Amino acid sequence: MLAMKAILSVCLIVLFLLSGQEAAAGELSQQVPVLALCVVRVASPTGDGKLADPKGQRLANFPRWEKITTVRSPEGDLIYPDWMAGNWQLKSTLIDLAAPLAPDIITPGFEGNRGQLNQPVSFPVRFIKQQLPISGLKLIPRIDNKLPVVIADRAFNSLNLARTYLGDRVLSVKVDPKSPNRQITLLKGNLQLVSIVTARATETTPDNKFITTEVFQQLFKGGSNPYFNSVESTTAYRKLSTSNPVIEADQVTAVYLSPQDPDYFKAGSHPVALYRYRLEFFPSQVLATPKG
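Residues numbered from 1 in each chain as written. Predicted model: local features only at pLDDT ≥ 70, side-chain atom pairs only at ≥ 80, totals over all residues. Heavy atoms only, no water.

A look at the pairing of strand 13 (residues 227-239)
Right, on to step 1. In terms of residue burial, strand 13 counts as a mostly covered element, since 10 of its 13 residues are buried.
Right, on to step 2. With 11 bridges joining them, strand 12 (residues 210-221) and strand 13 adopt antiparallel strand pairing. Looking at the pairing, Q218 lines up with N229 of strand 13.
Right, on to step 3. Counting the residues between successive antiparallel strands, the hairpin from strand 12 to strand 13 contains 5 residues, one of them, G222, with a positive phi of roughly 125°.
Right, on to step 4. Where strand 13 meets strand 14 (residues 247-256), 10 bridges bridge the pair, whose relative direction is antiparallel. Of the residues in strand 14, the one forming a bridge with S233 is T253. (Buried < 20%, exposed > 50% of the residue type's maximum accessible area, 1.4 Å probe, protein only. Helix = DSSP H or I, 4+ residues; strand = E, 2+ residues; numbered from the N terminus. Pairing = 2+ DSSP bridges.)

Okay, structure coming up:
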């Protein structure tokens, strides 16, 4: 029986083959970056919340982590600073991981992910300038006349990451045309991974770091039982004075149990798995366009 494990950030997805269908579903939020390119994502004019608690301090507290509460429902897409626009070769390295509730609660696949420590992966991503439609109850969306803003090419970025690991086992990545905050990854074997951004906040620090937090719900469909969980991704981006890389980022992905899990109340507001990544953005002139 074919089974898989993966981590999805609103935009970045990685899947691996496993044995055991139930384990596969439980491991859907376990591995590589949830990069708010999408995941992965200067304040947004779309009405996103500002961070009430400093996210830089939150990252510094790793692995002491609690569920974030100072976020709001997202409106529109996540807007990035202008210096993130362009085509990049992204190198992502898992540099640390933790299971805060071990040995009482350890998620499927956590121990296996130790083999990914300090093993960088590289793939193309891009951030594009685009004029956003004006929100509102209109039969025909109107375009804002303000200057274009920078957003992630979510489908492109997610598909490149997924195929870096799984090749043609990933059929396609689709972003809901009505909402950039809903994404579906279609896999061979009639499997689907659905990700919905449910909360977002941003912050620009005095030292010009751009920090984002996104919370999203994941649903794995196609196994004997659907599997749900909640994931939070906090990323601090920084523009460097060097040309290789141009941008670096510190990212932490936290995985929480869903109410359907028998250990949900035992875990409370604590994550059951934490993954920390170092992200490096190198200039790229090659436009890789995966099919799908």
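Comments concerning the pairing of strand 4 (residues 86-98)
Right, on to step 1. Where strand 4 lies against strand 5 (residues 121-130), 7 bridges are found, and the strand directions are antiparallel. The residue bridging N87 from the neighbouring strand is R126, located in strand 5.
Right, on to step 2. Bridging between strand 4 and strand 15 (residues 273-283) involves 10 bridges; their strand directions are antiparallel. If you follow D96 over to strand 15, its bridge partner there is R276.

Observations regarding the nonpolar core
Right, on to step 1. Y80, F127, Y275 and F281 are the most contacted members of the largest nonpolar core, which has 33 residues in total.
Right, on to step 2. At the level of elements, strand 4, strand 5, strand 8 (149-152), helix 3 (154-166), strand 14 and strand 15 are the ones that each hand at least two residues to this core.
Right, on to step 3. The biggest single contributor to this core is strand 15, with 5 residues. (Core = buried A, V, L, I, M, F, W, Y, C linked by side-chain atoms within 4.5 Å.)

Digging into unusual backbone geometry
Trans peptide bonds make up the majority, and among non-glycine residues the majority have a negative phi.
Right, on to step 1. Backbone torsion omega between A102 and P103 reads 5°, so that peptide bond is classified as cis.
Right, on to step 2. Within the secondary structure, P103 sits in the loop between strand 4 and strand 5.
Right, on to step 3. The omega angle of the peptide bond from N244 to P245 is 0°, so this bond is cis rather than trans.
Right, on to step 4. Mapped onto the elements, P245 comes out in the loop between strand 13 and strand 14.
Right, on to step 5. Positive phi outside glycine occurs at N118, with the angle close to 55°.
Right, on to step 6. Inspection of the secondary structure puts N118 in the loop between strand 4 and strand 5.
Right, on to step 7. The residue N190 is not glycine, and still its phi comes out positive at about 60°.
Right, on to step 8. Examined against the element boundaries, N190 turns out to sit in the loop between strand 10 (182-187) and strand 11 (191-204).

What to know about helix 3
Right, on to step 1. Given a rise of 1.5 Å per residue, 13 residues ought to cover 18 Å, and the 18 Å separating the end C-alpha atoms of helix 3 matches this to within 8%.
Right, on to step 2. The element helix 3 is largely enclosed, with a buried count of 10 among its 13 residues.
Right, on to step 3. Listed as buried for helix 3 are R154, F156, N157, S158, L159, N160, L161, A162, Y165 and L166.
Right, on to step 4. Just past helix 3, the residue G167 takes up positive phi, approximately 60°. (Expected span 1.5 Å × (residues − 1).)

Here's the deal with the pattern of salt bridges
Right, on to step 1. Following the criterion strictly, the structure yields 9 salt bridges and no others.
Right, on to step 2. With a shortest N-O distance of 2.8 Å, R154 and D77 are connected by a salt bridge. Linking R154 in helix 3 with D77 in the loop between helix 2 (55-60) and strand 4, this pair joins segments that are 77 residues apart in sequence. Considered together, R154 and D77 belong to a single accessibility category, that of buried residues.
Right, on to step 3. Between R276 and D250 there is a salt bridge, with the nearest N and O atoms lying 2.5 Å from each other. Here the residue R276 occupies a position in strand 15, and D250 occupies one in strand 14, the gap between them amounting to 26 residues.
Right, on to step 4. Here the residues in one salt-bridge network are K91, R278 and E280, joined through shared partners. (Salt bridge = Lys/Arg side-chain N within 4 Å of Asp/Glu carboxyl O.)

Side note on the side chain of E280
Right, on to step 1. Relative to the helices and strands, E280 resides in strand 15.
Right, on to step 2. If we ignore the near neighbours within four places in the chain, the residues touching E280 are Q89, L90, K91, P245 and I247. (Contact = heavy atoms within 4.5 Å.)

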